[in-house]
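Commentary on secondary and tertiary structure
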Amino acid sequence: MAESTTLGGIIPPILTPTDRHESVDEPALRRSIDWLLAAGVNGLFVGGSAGEGPLLVEREWTRLAEIALDHVGSRVPVLIGVQDTSTRKVLDKVRRAREIGYHYYVLTPTFYNPCRSAGEQLRLYGACVDTAAPMELVAYNIPQLT
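Read on for a plain summary of the structure. (Residues numbered from 1 in each chain as written. Predicted model: local features only at pLDDT ≥ 70, side-chain atom pairs only at ≥ 80, totals over all residues. Heavy atoms only, no water.)

Details of the nonpolar core
Convention followed: Buried Ala, Val, Leu, Ile, Met, Phe, Trp, Tyr and Cys residues that are joined via side-chain atoms within 4.5 Å together make up what is termed a nonpolar core. Working definition: with a 1.4 Å probe on protein chains only, accessible area under 20% of the residue-type maximum means buried, over 50% means exposed, and in between means partly exposed. Only DSSP runs of H or I covering at least 4 residues are called helices, and only runs of E covering at least 2 are called strands; the numbering of each starts at the N terminus. In what follows, a contact means two residues having at least one pair of non-hydrogen atoms within 4.5 Å.
By size, the foremost hydrophobic cluster in this structure holds 33 residues, and its most contacted members are Ile 33, Ile 80, Tyr 102, Tyr 105 and Cys 128. Only helix H1 (26-38), strand E1 (44-46), helix H2 (58-72), strand E2 (78-81), helix H3 (87-100), strand E3 (104-107) and helix H4 (118-132) provide two or more residues apiece to this core. With seven residues, the single largest contributor to this core is H2. Beyond its immediate sequence surroundings of up to four residues, Tyr 105 is in contact with Ile 80, Val 82, Val 94, Cys 128, Val 129, Ala 132, Met 135, Glu 136, Leu 137 and Val 138.

Rendered as structure tokens:
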């Protein structure tokens, strides 16, 4: 995978600019990335909840992932959010992120259907790790929801 693989410093979640049809606004996304890189961030987190990752349709989530990684290249690490409402949907995003060339993916515990035990969360994380190799999992928590 082409991108830098050292995490540290400031890695902000990036907002996803969209047009009136809820499609990724590619020029605005590229400008936002350029602005953040010029400000000196150490990485970018795309497709998280702040970036509407779970709300984008599959095609637009994939476009977001492709545009961001293409535009950043190897300048800083790029993390992709794969959270969704089911294990199957999460695993599909993990596979697509791997195919696009991501090194890191960010996963929250399930938030739509609350898990009743740690074992349920461990099964989700384990399935992702098995599917994602050689990608690295970054666990992310949303305390008020998970």
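Here's the deal with the sheet that holds E1
So the rule is basically this: A pair of strands is considered paired only if DSSP assigns at least 2 bridges between the two. Every angle, taken between N-to-C directions, lies between 0 and 180 degrees, and every axis is a line fitted to C-alpha atoms, over only the stretch in contact when it is a helix.
Spatially, the four strands line up as an open sheet ordered E1-E2-E3-E4, and their pairing is parallel. Every other strand in the sheet has two partners, leaving E1 and strand E4 (136-139) as the edge strands with one partner each. Between one strand axis and the next, the sheet turns through 30° on average, direction left out of account.

Some remarks on the environment of Asp 92
Note the threshold: The definition of a polar contact used here is a pair of N or O atoms within 3.5 Å, where within protein one atom must be able to donate a hydrogen and the other to accept one, and adjacent residues in sequence count solely through side-chain atom pairs.
Looking at the secondary structure, you find Asp 92 in helix H3. Of the residues examined, Asp 92 reaches a relative accessible area of 28% and is grouped as partly exposed. Note: C-alpha distance between Asp 92 and Val 82 (10 residues apart in sequence) is 8.7 Å. Polar contacts involving the side chain of Asp 92 include one to the side chain of Arg 96, which spans 2.9 Å.

Describing the packing of H1 against H2
Rules: Comment on the angle field: the value is read as roughly parallel under 35 degrees, roughly antiparallel over 145, roughly perpendicular from 65 to 115, and oblique elsewhere. Here is the rule for handedness: rotate from the far helix to the near one, and if that takes an anticlockwise turn smaller than a right angle the crossing is left-handed, while a clockwise turn gives right-handed. For this classification, the nonpolar set comprises Ala, Val, Leu, Ile, Met, Phe, Trp, Tyr, Cys and Pro, the charged set comprises Asp, Glu, Lys and Arg, and every other residue, Gly included, is treated as polar.
As a packed pair, H1 and H2 sit with axes 10 Å apart at the nearest point and diverge in direction by 45°. The angle between the axes of H1 and H2 places the two elements in the oblique class. Here H1 runs over H2; the crossing is right-handed. Residues Glu 26, Leu 29, Arg 30, Ile 33, Asp 34 and Leu 37 of H1 lie in contact with H2, whose contacting residues are Arg 63, Leu 64, Ile 67, Ala 68, Asp 70, His 71 and Val 72. Broken down by class, the residue content of the contact of H1 with H2 amounts to seven nonpolar, one polar and five charged.

Focus: H4
We count it as follows: Given a helix with a known number of residues, its expected span is that number minus one, times 1.5 Å. Think of it as the arc spanned by the lines of direction from the helix axis to the C-beta atoms.
Taking 1.5 Å of rise per residue, the 15 residues of H4 would be expected to cover 21 Å, and the 21 Å separating its terminal C-alpha atoms lies within 8% of that figure. Buried within H4 are the following residues: Gln 121, Leu 124, Tyr 125, Cys 128, Thr 131 and Ala 132. What you see down the axis of H4 is that its buried residues fit within an arc of 130°, all on one side. Facing away from the buried side of H4, by more than 90 degrees, are the exposed residues Ala 118, Leu 122, Arg 123 and Asp 130. Here the buried face of H4 lies against H3, E3 and E4.

Notes on the pattern of salt bridges
Pairs may arise between side chains of opposite charge once their charged atoms sit close together. Inclusion rule: Salt bridge, as applied in this entry: a Lys or Arg side-chain nitrogen positioned within 4 Å of an Asp or Glu carboxyl oxygen.
Evaluated as defined, the whole model comprises eight salt bridges. The shortest N-O distance in the salt bridge between Glu 26 and Arg 63 comes to 3.6 Å. Taken as a pair, Glu 26 in helix H1 and Arg 63 in helix H2 lie far apart in primary sequence, 37 residues in all. Residue Arg 63 is classed as partly exposed on the basis of its relative accessible area, which comes to 25%. As a salt-bridge pair, Glu 60 and Arg 63 come within 2.9 Å of each other at their nearest N and O atoms. Residue Glu 60 and its partner Arg 63 are located together in helix H2, separated by three residues, close to a single helical turn. Under the relative-accessibility criterion, Glu 60 is labelled buried at 3%. Through salt bridges with shared partners, one network takes in Glu 26, Arg 30, Arg 59, Glu 60, Arg 63 and Asp 70.

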